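Given next are the chains, with one letter for each unit.
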Amino acid sequence: MTAQALRTLLSQPEILVVPGAADALSARIVEDAGFGAVYASGAGIANVQFALPDIGLLTMTEMVEPIRRIVEAVNLPVLADADTGYGNAVNVTRTVQVYEDAGVAAIQLEDQVTPKKCGHFNGKEVIPADEMIQKIYAAVKARREMLVIARTDAIATHGMDEAVRRANLYARAGADILFIEAPTQKEQIAELPRKIQAPLLFNMTEGAKTPIISHDELHEMGYRIVIHPNLAMRVAARAMQSALAVLQKTRSSELLIPSMLEWNERQRLVRLPEWEALDHELSRFEIADSSKPIH
């Protein structure tokens, strides 16, 4: 779905809640649950698609293919993680073009050095603000409609004041949405919307450096978007661990049946009835053969 659809969602008074997805089926479940947008998580894709940690190991091509499948699976705007843009400002130009061609509604770029790390890991480093401003300018120049989300990790490396300074600089450079990663105190979280003159995105990574805050509280503070990048993936992974432990112990799947997605629900999610209807329609299609004599 287009960037304009995302702009419409952001014009609504309530905060936009965006769960993350690491694959197409997860994105379909986000849509089926009634959410208005989906976040294509870089960490999630690294973890789920490659069983790798979020430390900048994936290339742009490895990222964009799962993202393209996510876009194709849903009729929702997709906000997509592009890490550091996979290089300098020139590389960002190419990244923006490829992501927009994949159907992404908003691209997220961050000011860490390459290779980056998960925003809640220790040992992060950031590039100079001027270099990130060049990347944002390149992204804005290259995009057709797609929104640009600029993320700064400077709280961890330089403190709150520098993170605020960078965020405002990035907004003036043309970023549509600002993302200050990994504040560690509720007071910081409440302070940021008062100091940054642009729509703010909040990253709710459960159990990491940032405290849990409700959507209502974030809305009252002034945030416009809250993402839960890997909530669904982590819940699903825990469920798989539990189910396989039962299977190993009991040597039967019978006890797991109540915990499973029902057979028909599984087929509904992947739209089997629609494909069967198409198959039925096509199998009945005929056209008159003009070579046959008319009686």
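Quick note: structure is the one above.
Since the model is a prediction, treat every value here as computed from it, not as a measurement.

Participant: Quick question: what am I supposed to make of the sheet that holds strand β7 (residues 200–203) here?
Facilitator: Strands belonging to one sheet form pairs held by backbone hydrogen bonds; the direction of such a pair is parallel or antiparallel. Strands sit in the order β1-β2-β3-β4-β5-β6-β7-β8 around a closed barrel of eight strands; the barrel is parallel. Direction aside, neighbouring strands of the sheet carry axes that sit 25 degrees apart on average. The sheet contact formed by strand β3 (residues 78–81) and strand β4 (residues 106–110) spans three bridges and is parallel. What sits directly across from Ala80, in β4, is Ile107. With respect to the sheet, helix α4 (residues 60–73) is in contact with β1 (16–21), β2 (38–40) and β3, its orientation differing from that of β3 by roughly 170 degrees.

Participant: Got a minute to help me understand the pairing of β7 in this structure?
Facilitator: Along any regular strand the residues' side chains alternate between the sheet's two faces. Side chains of β7 alternate between two faces, with Leu200 and Phe202 and Leu201 and Asn203 buried alike. Bridge count between strand β6 (residues 177–180) and β7: two bridges; the pairing is parallel. Directly across from Leu178, in β7, lies its bridge partner Leu200. As a crossover connection, the stretch from β6 through helix α9 (residues 186–195) into β7 is right-handed. With three bridges joining them, β7 and strand β8 (residues 225–228) adopt parallel strand pairing. By the bridge assignment for β8, Asn203 is matched with Ile227. Where the polypeptide runs from β7 across helix α10 (residues 215–221) and back to β8, its parallel neighbour, the crossover connection is right-handed.

Participant: It is not clear to me how the packing of aromatic side chains should be interpreted in this structure. Could you clarify?
Facilitator: How two aromatic rings sit relative to each other is set out by the distance from centre to centre and by the angle between their planes. Counting across every chain of the model gives one aromatic pair. Ring geometry for Phe202 versus Tyr223: centroids 5.4 Å apart, planes at 75 degrees, classification edge-to-face. In this pair, Phe202 sits in strand β7 while Tyr223 sits in the loop between α10 and β8, placing the two residues 21 residues apart along the sequence. Overall, Phe202 belongs to the buried group, its relative accessible area being 3%.

Participant: Explain the environment of Ala82 here, please?
Facilitator: Topologically, Ala82 is positioned in the loop between β3 and α5 (89–101). The spatial distance from the C-alpha of Ala82 to the C-alpha of Gln108 is 5.5 Å, given a sequence separation of 26 residues. The residues touching Ala82, leaving out its near neighbours within four places in the chain, are Thr95, Tyr99, Ile107, Gln108 and Leu109.

Participant: Hey, could you run me through the nonpolar core in this one?
Facilitator: The tendency in soluble globular proteins is for nonpolar side chains to be buried side by side. Of all hydrophobic cores here, the largest spans 68 residues; its most connected members are Ile67, Tyr99, Leu178, Ile180, Ile196, Leu218 and Tyr223. Setting aside chain neighbours within four positions, we find Tyr99 in contact with Met60, Met63, Val64, Ile67, Ala80, Asp81, Ala82, Tyr86, Val104, Ile107 and Met146. Grouped together as the second largest cluster of nonpolar side chains are 17 residues, Leu16, Leu79, Phe179 and Ile225 included.

Participant: What exactly am I supposed to notice about the pairing of strand β5 (residues 147–152) here?
Facilitator: The buried count for β5 comes to six of six residues, which makes it a mostly enclosed element. On β5, burial covers both faces: Leu147, Ile149 and Arg151 on one face and Val148, Ala150 and Thr152 on the other are all buried. Crossover connection from β4 via helix α6 (residues 129–142) to parallel β5: handedness right-handed. Bridge count between β5 and β6: four bridges; the pairing is parallel. The residue bridging Ala150 from the neighbouring strand is Leu178, located in β6.

Participant: So what exactly am I meant to see when it comes to a nonpolar patch on the surface here?
Facilitator: A cluster of nonpolar residues, Leu25, Ile29, Val270, Leu272, Trp275, Leu278 and Leu282, forms a patch on the protein surface that exposes about 650 Å² of accessible area. When residues of the nonpolar patch are traced back to their parent elements, those giving at least two are α2 (24–32) and α13 (272–283). Broken down by element, the residue count for the nonpolar patch peaks at four residues, all from α13. Overall, the relative accessible area of 42% leaves Val270 in the partly exposed class.

Rules used in this analysis
Residues numbered from 1 in each chain as written. Predicted model: local features only at pLDDT ≥ 70, side-chain atom pairs only at ≥ 80, totals over all residues. Heavy atoms only, no water. Pairing = 2+ DSSP bridges. Helix = DSSP H or I, 4+ residues; strand = E, 2+ residues; numbered from the N terminus. Axes fitted to C-alpha atoms, helices over the stretch in contact; angles between N-to-C directions. Contact = heavy atoms within 4.5 Å. Buried < 20%, exposed > 50% of the residue type's maximum accessible area, 1.4 Å probe, protein only. Right-handed = clockwise from strand over helix to strand, strands pointing away. Phe/Tyr/Trp six-rings, centres within 6.5 Å; stacked < 30°, edge-to-face > 60°. Core = buried A, V, L, I, M, F, W, Y, C linked by side-chain atoms within 4.5 Å. Patch = residues over 30% accessible without salt bridge, like charges linked within 9 Å, V, L, I, M, F, W, Y side chains within 5 Å. Areas by Shrake-Rupley, 256 points an atom, 1.4 Å probe, with all protein chains shown as cover. Salt bridge = Lys/Arg side-chain N within 4 Å of Asp/Glu carboxyl O.

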